[in-house]
Amino acid sequence: MPADESSAARGAGRSRTNAATGRGPTPPVPAGPLPAGPGLPPGLALRSRPAAGPRRAPTPRGGARGGSTPPRPRGDHGVRGMFERARRAWDRPLTAYYLILGAGMLITVLGLVMVYSASSIKALELSRPSTYFFRKQFIAAVIGAGLMLLASRMPVKLHRALAYPLLMGTVFLMILVQVPGIGMSVNGNQNWIYLGGPFQLQPSEFGKLALILWGADLLARKQDKRLLAQWKHMLVPLVPVAFMLLGLIMLGGDMGTAIILTAILFGLLWLAGAPTRLFAGVLASAVLIGFVLIKTSPNRMSRLGCIGASEPGPGDSCWQAVHGIYALASGGWFGSGLGASVEKWGQLPEPHTDFIFAITGEELGLAGTLSVLALFAALGYAGIRVAGRTEDPFVRYAAGGVTTWITAQAVINIGAVLGLLPIAGVPLPLFSYGGSALLPTMFAVGLMIAFAREDPSARAALAMRRPGVRWKTMRRRVTKRPSGER
């Protein structure tokens with residue numbers, strides 16, 4: 001059959017097929033092979049429909065039409081990327097909450113370990129089991145953990161309602177300390193109450209917490225009434241009550257606790273926005289009173305003379321300060337090992353209380369002491385962050401007071417061990433041996449946790465962590481997509 005007749009026959013066949021199926025006529029296919037395109041071997045003939053217009057350029061994957069794909073942002077690599085990730089993590093709503101909880105618990109646990117290590121030889125000297133002091137500290141830590149949990153779950157209104165009863169109870173106990181037959185003297189200070197058995201109570205430690213809660217409630221109520229602009233309302237009755245507590249403490253001879261209480265008072269006044277003249281006047285009065293108290297006491301004068309001492313001095317008056325430096329110096333970078341201290345074998349007095357930081361430096365070295373300092377720095381930063389971001393004046397004053405208390409006491413204790421400050425006889429918060437100091441401090445940490453939870457952004461973040469809310473939120477975010485099945 002000729003080529004023209006065969007082509008006509010094929011066209012007629014297509015017309016009949018299209019008529020049967022209801023489709024339109026198929027456009028004629030041009031005779032001859034199509035030109036070979038890219039990727040096709042030459043000479044290959046394809047049949048295709050003629051293009052209706054110019055071909056469109058392929059759409060880029062990035063979503064932009066008719067343009068080059070924008071460059072992808074470089075990944076967070078190097079020091080700058082690490083800094084950005086750390087900054088984003090640091091600015092999260094729950095950062096202060098986790099810092100307070102984590103740093104408080106780590107300091108307490110590490111303190112229990114060091115109390116056991118530092119006090120075992122002292123207990124054997126007193127014909128006691130080597131775990132004598134550790135067991136008492138562990139019992140106090142368990143009770144303190146319960147108080148911390150209770151304080152972290154209490155609402156702010158209940159904390160404010162607790163302020164006045166706690167203040168009155170503390171003042172009553174501090175008066176009982178001076179009653180003969182009830183109060184007892186330890187290391188020359190009349191500031192203990194005997195509870196029976198091996199247990200004693202130091203009410204002045206609870207006075208710090210009482211002053212913070214009561215002072216924060218007082219200043220918050222005056223701020224609500226806009227009375228803090230008048231210096232009379234700012235000072236009265238806060239300063240007289242604080243001086244009353246200081247007088248009761250100084251009757252027992254405990255100047256170290258009086259210094260911490262004074263620091264708390266200054267912290268509250270500073271947070272309340274005391275004018276510079278007023279602040280300077282109160283500070284000058286406190287310095288003058290402290291100078292007179294130090295000058296009239298030979299024991300305090302000898303402690304002041306031991307700052308930076310490198311020899312025990314006449315009559316071994318600087319024995320404790322010098323051997324604290326010896327313990328730190330012999331620790332090196334990573335210490336002699338846990339339990340391998342030499343100074344606790346009768347050379348360093350009070351190795352498990354005031355100078356436990358020196359034993360930590362001897363056994364754990366510079367790495368251990370820097371870790372303790374980092375934990376206290378994290379706790380202090382978290383407290384400042386809670387006080388700075390809240391809108392509640394009571395939370396601001398209470399958080400600032402607790403931060404001032406823990407930070408000032410840690411600085412005074414560590415400064416005395418390093419020979420930079422006189423020995424004040426105050427324990428390292430959450431770390432040193434002493435249940436009377438541990439219980440109110442752990443309650444204060446729980447107070448800070450409660451304040452960190454009350455932040456609106458932190459509260460929303462904690463609500464998102466609940467399983468029910470999280471599941472419902474995820475369900476709302478998921479949108480149904482067609483599966484393609486009919």
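Provided above is the structure to which this section pertains.
Please read all numbers here as calculations on a predicted model, not as lab measurements. (Residues numbered from 1 in each chain as written. Predicted model: local features only at pLDDT ≥ 70, side-chain atom pairs only at ≥ 80, totals over all residues. Heavy atoms only, no water.)

1. A look at the pairing of strand 1 (residues 183-186)
If a strand is regular, its side chains alternate between the two faces of the sheet.
Next up, step 1: The pairing of strand 1 with strand 2 (residues 189-196) spans 4 bridges and is antiparallel. Bridging across to strand 2, Val186 finds its partner in Asn189.
Next up, step 2: Here strand 1 hands over to strand 2 after 2 residues, with Asn187 in that stretch at a positive phi of 55°. (Pairing = 2+ DSSP bridges. Helix = DSSP H or I, 4+ residues; strand = E, 2+ residues; numbered from the N terminus.)

2. Observations regarding the pattern of salt bridges
Note that side chains of opposite charge can pair when their charged atoms are close.
Next up, step 1: Per the stated rule, a full pass over the model turns up 5 salt bridges.
Next up, step 2: The salt bridge partner of Glu363 is Lys344, with a shortest N-O separation of 3.4 Å. Note that Glu363 is positioned in helix 14 (residues 356-389) and Lys344 in the loop between helix 13 (319-329) and helix 14, a separation of 19 residues in sequence.
Next up, step 3: Taking relative accessible area as the criterion, Lys344 reaches 5% and is therefore assigned buried. (Salt bridge = Lys/Arg side-chain N within 4 Å of Asp/Glu carboxyl O. Buried < 20%, exposed > 50% of the residue type's maximum accessible area, 1.4 Å probe, protein only.)

3. Thoughts on the environment of Thr296
Next up, step 1: Checked against the element boundaries, Thr296 lands in the loop between helix 11 (276-295) and helix 12 (298-304).
Next up, step 2: Here Leu293 takes part through its backbone oxygen, which lies 3.3 Å from a polar atom of the side chain of Thr296. (Polar contact = N/O pair within 3.5 Å; in protein donor to acceptor, adjacent residues only side chain to side chain.)

4. Side note on the nonpolar core
Next up, step 1: Residues Ile100, Leu238 and Phe451 are the most contacted members of the largest nonpolar core, which totals 107 residues.
Next up, step 2: When neighbours within four sequence positions are excluded, Ile100 is seen to be in contact with Leu379, Ala382, Val386, Val445, Met448, Ile449 and Ala452. (Core = buried A, V, L, I, M, F, W, Y, C linked by side-chain atoms within 4.5 Å. Contact = heavy atoms within 4.5 Å.)

5. Some thoughts on the state of the cysteines
Next up, step 1: As enumerated under the stated definition, the model contains 1 disulfide in all.
Next up, step 2: The residue that forms a disulfide with Cys306 is Cys318, at a sulfur-sulfur distance of 2.1 Å. Between Cys306 and Cys318, the S-S dihedral sits near -90°, and the bridge is therefore left-handed. Of this pair, Cys306 sits in the loop between helix 12 and helix 13 while Cys318 is found in the loop between helix 12 and helix 13, placing the two residues 12 residues apart along the sequence.
Next up, step 3: Given a relative accessible area of 7%, Cys318 falls into the buried group. (Disulfide = S-S within 2.5 Å.)

6. Remarks on the packing of helix 16 (residues 435-454) against helix 17 (residues 456-464)
Next up, step 1: Viewed as axis vectors pointing N to C, helix 16 and helix 17 meet at an angle of 85°, and their least axial separation amounts to 5 Å. Considered as vectors, helix 16 and helix 17 are oriented roughly perpendicular to each other. For the pair formed by helix 16 and helix 17, the contact residues are Ala452, Arg453 and Glu454 on the first element and Pro456, Ala458, Arg459 and Leu462 on the second. (Axes fitted to C-alpha atoms, helices over the stretch in contact; angles between N-to-C directions. Parallel < 35°, antiparallel > 145°, perpendicular 65-115°, else oblique.)

7. Notes on the side chain of Glu343
Next up, step 1: Mapped onto the fold, Glu343 is located in the loop between helix 13 and helix 14.
Next up, step 2: In this structure, Glu343 is buried with no salt-bridge partner, the nearest side chain bearing the opposite charge being Lys344 at 12 Å.
Next up, step 3: In this structure Glu343 touches His323, Tyr326, Ala327, Leu348, Ile359 and Glu362, once residues within four positions along its chain are discounted. (Lys, Arg positive; Asp, Glu negative; His and termini not counted.)

8. With respect to the packing of aromatic side chains
Next up, step 1: For the structure on display, the rule yields 7 aromatic pairs.
Next up, step 2: Ring geometry for Tyr116 and Phe134: centres 5.4 Å apart, planes at 70°, overall edge-to-face. One end of the pair, Tyr116, is in helix 3 (residues 95-125); the other, Phe134, is in helix 4 (residues 132-153), with 18 residues separating them in the sequence.
Next up, step 3: Taking relative accessible area as the criterion, Phe134 reaches 24% and is therefore assigned partly exposed.
Next up, step 4: When the ring of Phe394 is compared with that of Phe451, the centres are 6.2 Å apart and the planes differ by 85°; the resulting orientation is edge-to-face. Of this pair, Phe394 sits in helix 15 (residues 393-417) while Phe451 sits in helix 16, and the two are 57 residues apart along the sequence.
Next up, step 5: For Phe394, a relative accessible area of 0% translates into the label buried.
Next up, step 6: On the basis of relative accessibility, which here comes to 3%, the residue Phe451 falls in the buried class.
Next up, step 7: Among the aromatic residues, those joined into a ring-pair cluster are Tyr116, Phe134 and Phe138. (Phe/Tyr/Trp six-rings, centres within 6.5 Å; stacked < 30°, edge-to-face > 60°.)

9. Brief notes about the sheet that holds strand 3 (residues 199-201)
Next up, step 1: As summarised here, the arrangement of the 3 strands in space is 1-2-3, forming an open sheet in which the pairing is antiparallel. Edge positions in the sheet fall to strand 1 and strand 3, since each of these pairs with one other strand and no more. The mean inter-strand angle of the sheet, taken between neighbouring strand axes irrespective of direction, is 55°.
Next up, step 2: Here strand 2 runs beside strand 3; their pairing, made up of 3 bridges, is antiparallel. Pairing of Tyr194 across the sheet is with Gln200, part of strand 3.

In short, the description is geometric, and any link to function would need to be established separately.
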